[in-house]
Amino acid sequence: MYNHRLHQQINAVLQKEQIDIGGADNHFFTRFIANATAIDSLFQEIYGRDDNRDPFFDRLIQQVVQAYIQRSRRLRERDAEKAAKGHWFLSNEITGMSLYVDRFCGSLTELGNRLDYFRKLGVNFLHLMPVFESPEGESDGGYAVADFRKVDKRFGTLEDLLGLQEKMQEENMYLMLDIVLNHTSDQHEWAKKAKQGDPDYQDYFYMYADRQLPDRFDQTMPEIFPESAPGNFTWNEETGKWVMTVFHRYQWDLNYTNPTVFLEMLGNIFFYANLGVDILRIDAPAFIWKQAGTTCQNLPQAHTLLRLIKQCVEVAAPGMALLGEAIVAPKEIMKYFGTGLYTAKECDFAYNATHMALQWDALATGDTRVMLAAQHEIMQKPFGTSWINYTRCHDDIGLGYDDYMIRHAGYDPREHRRFLKDYFSGIYAGSPARGALFSVNPKTNDARISGSLASLCGLEKAIGEQNESAVQLSVARILLMQAHSFFLGGLPVIFYGDEVGYTNDYSYLQDDSKSYDNRWMHRPLIDWEKYRNIDKEGTPEHRVFSATQRLIRIRKKLVAVGDYKNLAWMTPHNIHIAGYLRTFEDQKIYCLFNFRDQPSRLTWFAFREHGAVPDSLYDHWQDKEYEPGQDHEYLLLEPYQFLLLEAR
Ligand code: GLC
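Note that this is a predicted model, so its numbers are computed, not measured.

Turning to helix α3 (residues 54-70), a few remarks are in order. For α3, built from 17 residues, the straight-helix expectation of 24 Å at 1.5 Å per residue is met to within 8% by its first-to-last C-alpha distance of 24 Å. Of the residues making up α3, those classed as buried are Phe 57, Leu 60, Ile 61, Gln 63, Val 64, Val 65, Ala 67 and Tyr 68. The secondary structure elements touched by the buried residues of α3 are α1 (4-16), α2 (26-47), α4 (73-85), α12 (259-275) and α13 (300-316).

The strand order β18-β19-β20-β25-β22-β23 describes an open sheet built from six strands, whose pairing is antiparallel. Because the sheet does not close on itself, it has two edges, and the strands there are β18 (567-569) and β23 (624-626). Each adjacent strand pair in this sheet contributes to an overall mean axis angle of 25°, direction not counted. Strand direction decides the pairing type here: strand β22 (residues 617-619) and strand β25 (residues 642-647), joined by three bridges, are antiparallel.

With 13 residues, helix α8 (residues 158-170) should cover 18 Å at 1.5 Å per step; its first-to-last C-alpha distance of 18 Å lies within 8% of that length. Downstream of α8 by one or two residues, Asn 172 has phi in the positive range, about 55°.

Attention shifts here to the site of the ligand. Contacts to the ligand come from Asp 140, Tyr 143, His 183, Phe 225, Phe 247, Gln 251, Arg 281, Asp 283, Glu 325, His 394, Asp 395 and Arg 519. In this structure, Arg 281 approaches the ligand through a side-chain N or O atom, which is 3.0 Å from an oxygen atom. A distance of 3.3 Å separates an oxygen atom of the ligand from a polar atom in the side chain of Arg 519. When isolated, the ligand has an accessible area of 310 Å², and the protein chains bury 94% of it. Of the residues that constitute the shell around the ligand, the class distribution is three nonpolar, three polar and six charged.

The next point concerns the pattern of salt bridges. Inspection of the entire model under this criterion finds 40 salt bridges. Measuring nitrogen to oxygen at the nearest pair gives 2.8 Å for the salt bridge that ties Arg 119 to Glu 171. Placement of the pair is Arg 119 in helix α7 (residues 115-121) and Glu 171 in the loop between α8 and β5 (174-180), with a sequence separation of 52 residues. In this structure Glu 171 comes out as partly exposed when scored by relative accessible area, which is 31%. Linking Arg 648 and Glu 625 is a salt bridge whose minimum nitrogen-to-oxygen distance equals 3.9 Å. In this pair, Arg 648 sits in the segment after β25 while Glu 625 sits in strand β23, placing the two residues 23 residues apart along the sequence.

What counts, and where the lines are drawn
- Residues numbered from 1 in each chain as written.
- Predicted model: local features only at pLDDT ≥ 70, side-chain atom pairs only at ≥ 80, totals over all residues.
- Heavy atoms only, no water.
- Helix = DSSP H or I, 4+ residues; strand = E, 2+ residues; numbered from the N terminus.
- Expected span 1.5 Å × (residues − 1).
- Buried < 20%, exposed > 50% of the residue type's maximum accessible area, 1.4 Å probe, protein only.
- Contact = heavy atoms within 4.5 Å.
- Pairing = 2+ DSSP bridges.
- Axes fitted to C-alpha atoms, helices over the stretch in contact; angles between N-to-C directions.
- Near = heavy atom within 4 Å.
- Polar contact = N/O pair within 3.5 Å; in protein donor to acceptor, adjacent residues only side chain to side chain.
- Areas by Shrake-Rupley, 256 points an atom, 1.4 Å probe, with all protein chains shown as cover.
- Nonpolar A, V, L, I, M, F, W, Y, C, P; charged D, E, K, R; others polar.
- Salt bridge = Lys/Arg side-chain N within 4 Å of Asp/Glu carboxyl O.

Honestly, that's just the spatial picture; any functional story needs more than this.
Here you go:
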């Protein structure tokens, strides 16, 4: 749509900055004009069409242009390469790992010295948990940011981060960092100025002199950490005001009704883009817009803000994809990919949190029906967007999928969730899991689950009991869970430690700044002596590491497991076996997973339902050929066995 005023406004800035619109900067110019109307209308949607707001819009345009000007030639080239590849991030060739720099190996420089470890494993994408300055002691694992642009000295310096990023690029690795959009630390300069009474900075946050509004908000806002941080407001002595703190009392929620806050944070987003971030993890986007009388989660304005960010990034730093960390109800997660005109134009990625939790559900029950009942929702993901697939991350496992999904499988939702909580916290008789309940809310009966992949899969207990057959079963469970998420379509991200079967680390209990948050049990402090075992045959570390390595290798070979809307679920002829088919051009891979601790059989008829029955099926996992049998015959899967069968 031609908008004379808007295009004149943009042209004036471009001219002033001597942007070569017909030459070297032509792609940038084209992108800007293509997205200008969207940027304009999204901005107006939030901040109004009021002349007073014009200076803000002007600043927005300036910021986009400046971000482009400051983008290095190397990054611009990388943008162009990514654009030429099409949707670069849908590829089967990327496998990620998420880690705490300090807990993994100490510092950013040291991490740069250890890139051969990732090469050996096959990981070519790193998510570094927050590395920007946060207070010592309590900082919610760095998610209470005190300075968005200063690397915390615990990890090193900004130069170290840039050095690491350069090394990673030389190795063709990708980098993901967080932008903690929803809040700052109470030690951030903005919060400090607000505490000193500066009204401009008090407007950066939600601060109230009395309980009137806080009480109204609290009526409808759920609590995120009901045990360790009940309520959504914290009394601030210095100002005599209540501050909105949805997460912890030291994390102050930013007020995005104030356009200055938006522009400041957009500036930080561009700062990260120009550091060379390939995927930006937008922390807790569901929370960024607040309105009394609502849950203050997933509000339409939060989506508008994300769309605005996306269109601006698309113009200035098109090679940076956005991940919306929305761990919310299944239907709500899907909306972060964009809806209506903005379908596939909001977040490029979302966490496949629904599926992650459902895999755990299937593992505990040995029944895949709840997982299948959710797929009609999950499969709505638009082409061009993708999932972060994972079995574990630094956070807890929420059982936030819908009750109807549980009912559909014939279970009572309340009883079913109670069983899962008992199973994973190890209370349930015979459960091999060693986890713990996190954020128990007696008012709602909700609870989430903490614990490492290995401990939840039984390895901690098995090792403790020196029970070799139990060790074997636990390793089989770990690999089943990983394989299921590696081949599903999306970018698999391994949580550090899980690639060697690290069990829970209880040392957090000795640290006052962590002991109240049991998520730290699955955020291990790595002992590299233990990592040496990855080369010692027979050790659990070796078994898990070498198998994970092989899974990644197989993934890299099979184009069909890239994420091109090329997934079909197989008919559940046997409720214990999950089966999905991945196809790309002539390639057809049947991925089958037995979630049960007993052998399970699948009718060969299942292979008749997606075109002709293949002459033979080659299992990439065992390097073994299968000949499909008659319809009345069965394919046998051992306890927790999985098969990656390519049709031939
Ligand atoms: C995200 C992070 C989580 C943190 C929260 C608040 O959900 O993953 O660890 O506690 O945001 O920043």
